[in-house]
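Structural overview for review
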Amino acid sequence: MTKFVFCPELIRLYTQNSAPVIELLALGYIDVMPSHLDARLTEAQRQAVHQIQGPLLILAGPGSGKTLVVTHRIAHMLAESIPAEQIVALTFTNKAAEEMRARVERLVPDQPVWLGTFHRFCAQLLRRYAQFVGLDPGYTIYDTADSKNALQHVLEANRFELEIFTPGQIINEISWAKNNLITPADYEPRVGKPLTYVVAEVYEAYQKQLLQSSAVDFDDLLLHVASLLRENAEVRRQLDERFRYILIDEYQDTNLAQYAILRALSFDHPNLAATGDPDQSIFGWRGANLNNILEFEKDFPGVRVVRLEQNYRSTKQILRVADALIANNVLRKHKTIFTENGEGRAVRVVCYPTAKDEAENIAAYIANQVAQGRRRPSDFAVFYRTNALSRTFESAFAEFGVPYILVKGVEFYQRKEIKAVLAYLQLLNNPRDDVALLRVINTPPRGIGKKSLARLTEFAHARGIPLLEAAVDAKAIDGMPKRAAAAMQTFAETVQDLSAKATGTIEHLLGLVLTGSGYREHLLASEAEADEERLGNVEELLTVARQFDGRHPDEPGLEAFLEETALVNDTDAWSEQVERVPLMTLHSAKGLEFPVVFITAVEDKLLPHERSREDPASLEEERRLFFVGITRAKEELQISLAHRRDFRGRRRFTVPSPFLTELPRDEIEVVDLGWPAPQEDESYAESEFEATEHAVEEYDEAPPDEPSAISDPQGSAASTKTSPPPGTADPLATLTTAAELSAISASDKSDASAKARKTDVEAFQIGMAVTHPDYGLGKIAALSGNGPKRTATVNFVTSGQRTFRIQHSDLRPAAAQ
DNA sequence: ATTCGCAAAGTTTTT
DNA sequence: CTTTGCGAAT
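One structure accompanies this document, and this report is about it.

1. Examining the packing of helix H19 (residues 416-429) against helix H27 (residues 558-567)
Where H19 meets H27, the closest approach of the two axes is 10 Å, and the angle between their N-to-C directions is 135°. On the basis of the axis angle, H19 is oblique to H27. Judged by the sense of rotation from one axis to the other, the crossing of H19 with H27 is left-handed. Residues Leu-422, Leu-425, Gln-426 and Asn-429 of H19 form the contact with H27, whose participating residues are Leu-558, Glu-559, Phe-561, Leu-562 and Thr-565. Split by residue class, the contact of H19 with H27 holds 5 nonpolar, 3 polar and 1 charged.

2. Some thoughts on the pattern of salt bridges
What the rule picks out here adds up to 47 salt bridges. Across the pair Arg-103 and Glu-99 runs a salt bridge whose closest N-O atoms are separated by 3.3 Å. Here Arg-103 and its partner Glu-99 are both found in helix H5 (residues 94-107), 4 residues apart, which amounts to about one turn of the helix. Between Asp-136 and Arg-432 there is a salt bridge; the shortest N-O distance is 2.8 Å. You can see Asp-136 sitting in the loop between helix H6 (118-129) and strand E4 (140-142) and its partner Arg-432 sitting in the loop between H19 and helix H20 (434-440), a full 296 residues away along the chain. Owing to a relative accessible area of 29%, Asp-136 belongs among the partly exposed residues under this scheme. The class for Arg-432 is partly exposed, based on a relative accessible area of 26%. Among the charged side chains, a salt-bridge network with shared partners connects Arg-120, Arg-127, Arg-551, Glu-559, Glu-563 and Glu-564.

3. With respect to the packing of aromatic side chains
Applying the stated criterion to the full structure yields 17 aromatic pairs. Ring centres of Phe-92 and Phe-283 lie 4.9 Å apart, and the angle between their planes is 45°; this geometry places the pair in the tilted category. Of this pair, Phe-92 sits in the loop between strand E2 (87-91) and H5 while Phe-283 sits in the loop between strand E7 (271-276) and helix H13 (290-294); the two residues are 191 residues apart in sequence, bridging distant segments of the chain. Phe-92 gets classed as buried once you look at its relative accessible area, which sits at 16%. For Phe-283, a relative accessible area of 8% translates into the label buried. Ring plane angle 20° and centroid distance 6.2 Å describe the contact between Tyr-384 and Phe-393, whose orientation is recorded as stacked. Each member of the pair, Tyr-384 together with Phe-393, is buried. The structure contains a cluster of three or more aromatic residues connected by ring pairs, namely Phe-92, Phe-283 and Trp-285. Note that Arg-190 overlies the ring of Trp-176, its terminal NZ or CZ placed 4.6 Å from the centroid. The ring of Phe-300 carries the charged tip of Arg-263 above its face, separated from the ring centre by 4.8 Å.

4. With respect to the sheet that holds strand E8 (residues 304-308)
Taken together, the 6 strands give an open sheet; going across it, the order is E3-E2-E6-E7-E1-E8, and neighbouring strands pair in parallel fashion. The open sheet has two free edges, formed respectively by strand E3 (114-117) and E8, since each of these has just one partner strand. Pairwise comparison of adjacent strand axes, ignoring direction, gives a mean angle of 15° for this sheet. Bridge count for E2 against E3 is 4 bridges, and the pairing is parallel. In the strand pairing of E3, Ala-89 is matched with Leu-115. Set on the sheet, helix H3 (residues 43-50) makes contact with strand E1 (56-60) and E8; between it and E8 the angle comes to about 145°.

5. Overview of helix H28 (residues 616-630)
Each α-helix winds once per 3.6 residues, and so residues spaced three or four apart point in a common direction. Between its terminal C-alpha atoms H28 stretches 21 Å, which fits the 21 Å expected from 15 residues at 1.5 Å a residue. If you check which residues of H28 are buried, you get Ser-618, Glu-620, Glu-621, Glu-622, Arg-623, Arg-624, Leu-625, Phe-626, Phe-627, Val-628, Gly-629 and Ile-630. Of the surrounding elements, those touching the buried residues of H28 are H13, helix H15 (316-326), strand E12 (380-384), strand E15 (594-599) and strand E16 (633-647). Measuring from the backbone nitrogen of Ala-617 back to the side-chain oxygen at the start of H28 gives 3.2 Å, which picks out Asp-615 as the cap.

6. Brief notes about the environment of Glu-80
You can see Glu-80 is positioned in the loop between helix H4 (66-79) and E2. Accessibility expressed as a relative area gives 38% for Glu-80, which makes it partly exposed.

7. Things to note about the protein's contact with DNA strand B
Around DNA strand B, the structure places 26 residues, and the nearest of them are Trp-285, Arg-385, Asn-387, Gly-447 and Arg-648. Counting only the atoms of DNA strand B that lie within 4 Å of the protein, the sugar and phosphate share comes to 52%. Separating a base oxygen of DNA strand B from a side-chain N or O atom of Arg-286 is a distance of 3.1 Å. Note that a phosphate oxygen of DNA strand B is positioned 3.1 Å from one of the side-chain N or O atoms of Thr-585. The class makeup of the residues in the surface near DNA strand B is 6 nonpolar, 15 polar and 5 charged.

8. Topic: unusual backbone geometry
Along the chain, Thr-443 connects to Pro-444 via a cis peptide bond; the corresponding omega equals -5°. Looking at where Pro-444 falls in the secondary structure, it is placed in the loop between H20 and helix H21 (450-463). The linkage connecting Leu-607 with the following residue, Pro-608, adopts the cis geometry, with an omega of 0°. Of note, Pro-608 is situated in the loop between E15 and H28. Even without glycine at this site, Ser-81 takes up a positive phi of about 70°.

9. Quick word on H21
Taking 1.5 Å of rise per residue, the 14 residues of H21 would be expected to cover 20 Å, and the 20 Å separating its terminal C-alpha atoms lies within 8% of that figure. The complete set of buried residues in H21 reads Ser-452, Leu-453, Leu-456, Thr-457, Phe-459 and Ala-460. Axial view of H21: buried residues confined to an arc of 165°, hence all on one face. Turned more than 90 degrees away from the buried face of H21 sit Lys-450, Lys-451 and Ala-462, all of them exposed.

10. A short note on the packing of H4 against H5
One can describe the packing of H4 onto H5 by two numbers: an axis separation of 9 Å at closest approach and a directional angle of 45°. It follows from the interaxial angle that H4 and H5 lie oblique. With respect to the hand of their crossing, H4 and H5 are arranged in right-handed fashion. Every residue of H5 that contacts H4 at Thr-67, Leu-68, Val-70, Thr-71, His-72, Ile-74 and Ala-75 is listed here: Glu-99, Met-100, Arg-103, Val-104 and Leu-107. Considering only residue class, the contact of H4 with H5 consists of 7 nonpolar, 3 polar and 2 charged.

Quick notes on the rules
- Residues numbered from 1 in each chain as written.
- Chains lettered and ligands numbered in written order.
- Predicted model: local features only at pLDDT ≥ 70, side-chain atom pairs only at ≥ 80, totals over all residues.
- Heavy atoms only, no water.
- Axes fitted to C-alpha atoms, helices over the stretch in contact; angles between N-to-C directions.
- Helix = DSSP H or I, 4+ residues; strand = E, 2+ residues; numbered from the N terminus.
- Parallel < 35°, antiparallel > 145°, perpendicular 65-115°, else oblique.
- Left-handed = near helix turned anticlockwise from the far one by under 90°.
- Contact = heavy atoms within 4.5 Å.
- Nonpolar A, V, L, I, M, F, W, Y, C, P; charged D, E, K, R; others polar.
- Salt bridge = Lys/Arg side-chain N within 4 Å of Asp/Glu carboxyl O.
- Buried < 20%, exposed > 50% of the residue type's maximum accessible area, 1.4 Å probe, protein only.
- Phe/Tyr/Trp six-rings, centres within 6.5 Å; stacked < 30°, edge-to-face > 60°.
- Lys NZ or Arg CZ within 6 Å of the ring centre and 35° of its normal.
- Pairing = 2+ DSSP bridges.
- Expected span 1.5 Å × (residues − 1).
- Polar contact = N/O pair within 3.5 Å; in protein donor to acceptor, adjacent residues only side chain to side chain.
- Near = heavy atom within 4 Å.
- Arc of directions from axis to C-beta.

Following this line, the structure appears as structure tokens:
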């Protein structure tokens, strides 16, 4: 009855030196009883692990050991002799899947438990049941760019002119429909939404095109599987039988299609375990349906609900901030989260003069911590709302020599050359793939232009045949220039040729494609520097292929390779082993944790995003997004914003995020490093009229304590350059941080900033860290007077408040020490 | 047909 | 500020 369980992770807890124990285990001399799996678990966690039969809802707050529970649950099932083939664990992202796989592997190695993303699970089911939904087993998976191209192709073929909407908008709406299981036949335009009328006209044609090309978009992966299960009772029954134990992670982010699939697979064997947290639902815009989790109990009678409310990740300070914030959501079930962790450092809210200062200070802080050996780069993480905000950080991190990695995904696989090479493979795998053909028929240039392509398309369309087939008969097409026709035929032959040779490893095949297509030669012959880089990228793809081959030694697996490249992106492989600071959006931070977290650009119109402001529900989603960000932090959290941010090439003064007022004022450290000094930047004065006027407006309308929700009402922490604050003292608590941050920033910076550092009277600003030979480190609380009479009021860390005439004092910016 | 250049437009989040 | 798109020149 008792099965052998190999469990080094747990053994380590019992013994100082685990090596001998592991060896004994490996040799089979000792067993670890299943009960030992429970050693680390709390009562609630234990319940969740042990409840194997029947529906289970695990409401898991942030940092509550959810992954621990899920992985142990799987181990426990295996220990209870449930065949691994019957267990499916679905995650939302590849990153989460990787993490889970690694941890399951450590508990119970080499078990064929199906573990991966929902989309991938569906992709593989579709391989087997492709013909049920009108696809070839070798169907192609289109990414968003491909989908847009497909749509464009459809629009052109139907001579449909878009006047106001972009293909992207239409694709988005179609995506929304598919996520809600709305097929072209069911789709109805919605009054007051012009876009939906356009979609009503093209959705069907788009879908037809996809089927004709034997291709699917991301949403189809779910939609097709959902209809497969709905329309084929026998298939559904078999799959329900096969996948008897399903675990679904991040249930709050599932959409209707995913819900339908899960239900269909959990009918005869309702052993569905869902984990999730309504407070972390952040994908509503993509069709995620919060009702799925809120109504789980209704949907699955007899469900057992386990709440994991204890947080093992964050300090008390961080958790209180998170809790206070999320309490502002009205559409929410109350939930308590608590921790027995220590108090920790206060959460900092810092307002920098400019976005550049923000990025540089954070980079400098990290550089300093790393240089001191206090932390490693991977201990930190920087979050922002939109990818567009990453650039400032990239340059600041580069400037300070801090290694970083952009956790953005796509990039590599979206490059033209990579897409092109992969399109050749797609075409080999699926000759009906029109989008792939269009992408490569003239790559490298073969003298096939727009007009000839239009003729080819028309011809194919009229006969209802794939483009590749049409290309074979190119000569027969009316009005087709001889040269183009010949080029098309040669192209078709090349593809067929390659197709015949398409055996062996992917790397080998890729090599054939590069040579056979003439693309490699074209890149080599090219003078352009860009092409040289492309060649390099193609080489990298060869490396990817080689690695894939290594992982799949038995099968050639072209399909599998294409599936992987479609559903996995390059930074999914990013791991904390890599000593780099990850920069990422708040969305991609979900499920991760870091000792030190910086949440940046917490400004109105960014967080909450301007497009979320009208709708209260999406405003709450933005708040949850902030909540997710906050709860990633284990030890230190800094929330920051800038008075001025250059965005989209424009200079803007910002408004602090309304969410900042919702943070518990007494618990956080607020630091306002002051406004940017106009004279420091000549472009400020010369900037276009609009911006200048706006700036002036902001200045006048912003009394000392107004611009910042974060400043405390006495105006002690915040002030503006133009309006010296009342003489109230800064809270000493903020001094260290402010000083620390500015000091590091200024001192670590190279000559670039030297001119900004010259010690004339104008160099001093409110909030600036300064040193004095007698009094030590301090922060400027107020400034008054001009020229020689310029006077600074300084709060010193150790010796209280002093006032100086700057010119006659020994006051220095902290940097100059 | 291709390439080069300039203008315009656009940017939430992800599988 | 970047990327995309379109139009003109070769």
